[in-house]
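Per-entry structural report
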Amino acid sequence: MILTVTLNVAVDKAYVIEGPLQAGEVMRVKTCSNTAGGKGLNVSKVIGLCGEEVLATGFTGGFNGAYVEKLLTEKGIPNEFVHVKGETRSCINILDGDGKSTEFLEPGAPVTAEEEAAFLRKFETLLPKCSVVTMSGSAPKGLPADIYGKLIAMGKKAGVKMILDTSGQYLIEGVKAKPFLIKPNHDEIAQLLGRPAETMEEMLESAKELHRSGIPYVVISLGADGAAVVCGEGVYTARPPKIQAVNTVGCGDSMVGAMAAALERGYGVEEMLRYAVAVSSANAMNLETGYFRQEDMEENLKQVIVEKIG
Ligand SMILES: Nc1ncnc2c1ncn2[C@@H]1O[C@H](COP(=O)(O)OP(=O)(O)OP(=O)(O)O)[C@@H](O)[C@H]1O
Ligand SMILES: O=P(O)(O)OC[C@@]1(O)O[C@H](CO)[C@@H](O)[C@@H]1O
């Protein structure tokens, strides 16, 4: 089974507006959809669509928390959250008539030390049931910067493959515990090494440095250009076909979900990368985050170009 950790759950609201987004104006929303969000819940939905067994955990609170659990259950995603006093946040993604996406991400209500301790106890009980754990997204205030480091240490002790996809201090502190796989994008790889990574050469050099430091798989996601991985088997790139992108929010999460499914199935690195790029590019072809159509994924799978470059 794959366990997904979402510390900062959200009700994701996608607002479609007709014209351009204009600050200081009244904006009427044409359509609005609510989905269970926070990066880890997108990962959970994608793992479910990949056909692998998944369990979602993290913190939920208040009416929004109960709503997210209901949305997940309706989608057939089993979940076991620690219930906290604070209300689960909302995140808004405005898709405007110019084809641009603007996100407003609430910070999330603070979590107390007792609530953190309750989560660590729950996590410990869930670990023996799983072989892969994904940890995604920001964390609410109140949790230490090394929260993911603590989870990684516990997971590694239990022999579980730990995937980390976060940013800022949580990423910088988390990598110190040497997760099995990380998936930084262009900005995150620069944050991690504290130096710009503009060119492909610079990004690969940074990824190699992280791999040498003890992280077995360093996957860099490159948006429409696909992804690259540095691992013990070598250096690989994968390029998706040209697609009609509708909403690219959650593409990174789809990639993480697909890689978790691939690890669960025992895929080799090339097969994992091909599958992850096919799933994540199929996610970009829909409005809904954490969703892809099987036929889009299968078509993309035939067209993804994987190359071993080192
Ligand atoms: N426009 C696109 N066309 C085709 N594939 C895409 C496109 N955008 C993203 N993808 C696919 O999704 C993967 C992840 O995208 P990206 O690098 O943007 O991740 P990210 O920055 O973590 O995204 P997010 O934080 O929005 O989830 C890419 O490696 C690629 O396979
Ligand atoms: O605050 P986080 O957890 O880092 O990011 C939250 C979020 O922007 O990420 C997802 C897209 O990747 C959205 O579903 C969600 O609203």
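Residues numbered from 1 in each chain as written. Chains lettered and ligands numbered in written order. Predicted model: local features only at pLDDT ≥ 70, side-chain atom pairs only at ≥ 80, totals over all residues. Heavy atoms only, no water.

**Notes on the nonpolar core**
The biggest cluster of nonpolar side chains holds 47 residues, and the ones touching the most others in it are Leu-41, Leu-181, Val-229, Tyr-275 and Val-279. Listed by contribution, the elements that provide at least two residues to this core are α1 (39-50), β4 (54-61), α2 (62-74), β11 (217-221), β12 (227-231), β13 (234-239), α8 (251-265) and α9 (269-283). A per-element tally of this core places α9 first, with nine residues. If sequence neighbours within four positions are ignored, Leu-181 has contacts with Met-162, Ile-163, Leu-164, Tyr-217, Val-219, Met-259, Leu-263 and Met-272. Within the second largest apolar cluster, 45 residues are counted, among which are Val-5, Leu-164, Leu-204 and Val-230. (Core = buried A, V, L, I, M, F, W, Y, C linked by side-chain atoms within 4.5 Å. Buried < 20%, exposed > 50% of the residue type's maximum accessible area, 1.4 Å probe, protein only. Helix = DSSP H or I, 4+ residues; strand = E, 2+ residues; numbered from the N terminus. Contact = heavy atoms within 4.5 Å.)

**Topic: the sheet that holds strand β5 (residues 82-84)**
Pairing is mixed across the open sheet formed by 10 strands, whose spatial order is β5-β4-β1-β8-β9-β10-β11-β12-β13-β14. Strands with a single pairing partner mark the edges of an open sheet, and in this sheet they are β5 and β14 (305-308). In this sheet, β11 lies alongside strand β10 (residues 181-182) in parallel orientation, the contact comprising two bridges. Residue pairing for β11: Ile-182 is matched across the bridge by Val-218. Packed onto the sheet, helix α4 (residues 147-157) meets β1 (2-6), β8 (132-136) and β9 (161-165) and runs at close to 165° relative to β9. Lying over the sheet, α8 contacts β1, β8, β9, β10, β11 and β12, oriented at roughly 170° with respect to β9. (Pairing = 2+ DSSP bridges. Axes fitted to C-alpha atoms, helices over the stretch in contact; angles between N-to-C directions.)

**Things to note about the site of ligand 2**
Surrounding ligand 2, one finds 13 residues, the nearest of these being Asp-12, Lys-39, Asn-42, Ser-138 and Asp-253. For ligand 2, an oxygen atom lies 2.9 Å from a polar atom in the side chain of Lys-39. For ligand 2, whose free accessible area comes to 400 Å², the fraction covered by protein is 92%. Contributions of two or more residues to the shell around ligand 2 are made by α1, β6 (89-95) and β7 (101-105). Tallied by class, residues from the shell around ligand 2 come to three nonpolar, five polar and five charged. (Near = heavy atom within 4 Å. Polar contact = N/O pair within 3.5 Å; in protein donor to acceptor, adjacent residues only side chain to side chain. Areas by Shrake-Rupley, 256 points an atom, 1.4 Å probe, with all protein chains shown as cover. Nonpolar A, V, L, I, M, F, W, Y, C, P; charged D, E, K, R; others polar.)

**A short note on the pattern of salt bridges**
Inspection of the entire model under this criterion finds 12 salt bridges. Glu-80 serves as the salt-bridge partner of Lys-122, at 3.0 Å between the closest nitrogen and oxygen. Taken together, the residues span a long stretch of sequence, with Lys-122 in helix α3 (residues 113-126) and Glu-80 in the loop between α2 and β5 at a distance of 42 residues. On the accessibility criterion, Glu-80 (31% relative accessible area) is partly exposed. Here Asp-296 and Arg-293 are joined by a salt bridge, their closest N and O atoms 3.0 Å apart. (Salt bridge = Lys/Arg side-chain N within 4 Å of Asp/Glu carboxyl O.)

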